[in-house]
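# Observations on the three-dimensional arrangement
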Amino acid sequence: MTENQDLPAKKGKPTPSRKEQEAANRRPLVGDRSKEGRAAERAKIAEQRRIAREGMMRGEEKYLPSRDRGPQKKFARDIVDSRFTAGELVMPSMFLFLITTATNIYELQLISLVLMWGLFIVVILDALIIGRRVKKLMIAKYTEANVEKGVAWYAGMRSLQMRPMRLPKPQVKRGHKL
């Protein structure tokens, strides 16, 4: 080897002092920290959230959470949303149950307790039936090998929610046959 290959190339400028190097690296960890900068950042994030929420309400695929994405989940949502489910009665009946338990009439409390447990059983059975129906329709449409795992569970859980609380919002009117 020659001597030129053993020596590193020269920089052509002096090494900066530690103080100069630290000053060059000093900058805020986050964006603009001025009052106007923070306000603009908050407004930008709020606008992005609003757009994402509106997109999710409309059922746009790119704004949906991963659990709601895909054509099979959309098909399951449409099936669940096309009919009345017993799960829609749970919240109103819980309100009535609380009112009746506040009374001092023992018979009324007992009747409402039995009705509430009966409703829970009906809701569970309804969710199981909806899940099986969705799975059967999925197999008929996509073949058994192509049906996503958990679609029946997804449909059953959606049927437990009150209709106004469902996200994405139902695209199919109740009573519409699929």
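The next thing to look at is the nonpolar core. Counting twelve residues, the largest nonpolar core is built from Phe75, Ala76, Ile79, Val80, Ile130, Val134, Met138, Tyr142, Val147, Val151, Tyr154 and Ala155. Listed by contribution, the elements that provide at least two residues to this core are α4 (71-81), α6 (106-142) and α7 (151-160). Residues within four places of Val147 in sequence aside, it is in contact with Gln72, Met138, Ile139 and Tyr142. Core analysis: the next-biggest nonpolar cluster, separate from the first, contains six residues, Val90, Phe97, Leu119 and Val123 among them.

Quick look at the environment of Met162 now. Here Met162 shows up in the segment after α7. According to the relative accessible area criterion, Met162 is partly exposed, its value standing at 25%. Spatially, the C-alpha atom of Met162 lies 7.5 Å from that of Leu89, the residues being 73 residues apart in sequence. Setting aside residues up to four positions removed in sequence, Met162 forms contacts with Glu88 and Met91.

This next bit is on the packing of aromatic side chains. A complete count under the given rule lists two aromatic pairs for this structure. Centre to centre, the rings of Phe75 and Tyr142 are 6.5 Å apart; their planes meet at 85 degrees, and the pair counts as edge-to-face. Of this pair, Phe75 sits in helix α4 while Tyr142 is found in helix α6, placing the two residues 67 residues apart along the sequence. Phe75 gets classed as buried once you look at its relative accessible area, which sits at 17%. Geometrically, the ring pair formed by Trp117 and Phe120 is edge-to-face, given 5.8 Å between the ring centres and 85 degrees between the ring planes. Here Trp117 and its partner Phe120 are both found in helix α6, three residues apart, which amounts to about one turn of the helix. Judged by its relative accessible area of 53%, Trp117 is exposed. Against the face of Tyr154 rests Lys73, its NZ or CZ located 5.0 Å from the ring centre.

Tallied over the full model, the rule gives eleven salt bridges. For Arg18, the salt bridge identified is with Glu22, shortest N-O distance 3.1 Å. Of the two residues, Arg18 and Glu22 both sit in helix α2 (residues 18-25), four residues apart, roughly one turn of that helix. For Arg18, a relative accessible area of 67% translates into the label exposed. For Glu22, a relative accessible area of 39% puts it in the partly exposed group. Taking the shortest distance from any N to any O, the salt bridge between Glu47 and Arg50 comes out at 2.4 Å. Of this pair, Glu47 and Arg50 both sit in helix α3 (residues 35-58), three residues apart, roughly one helical turn. Judged by relative accessible area, which is 38%, Arg50 ranks as partly exposed.

Rules and cut-offs
Residues numbered from 1 in each chain as written. Predicted model: local features only at pLDDT ≥ 70, side-chain atom pairs only at ≥ 80, totals over all residues. Heavy atoms only, no water. Core = buried A, V, L, I, M, F, W, Y, C linked by side-chain atoms within 4.5 Å. Buried < 20%, exposed > 50% of the residue type's maximum accessible area, 1.4 Å probe, protein only. Helix = DSSP H or I, 4+ residues; strand = E, 2+ residues; numbered from the N terminus. Contact = heavy atoms within 4.5 Å. Phe/Tyr/Trp six-rings, centres within 6.5 Å; stacked < 30°, edge-to-face > 60°. Lys NZ or Arg CZ within 6 Å of the ring centre and 35° of its normal. Salt bridge = Lys/Arg side-chain N within 4 Å of Asp/Glu carboxyl O.

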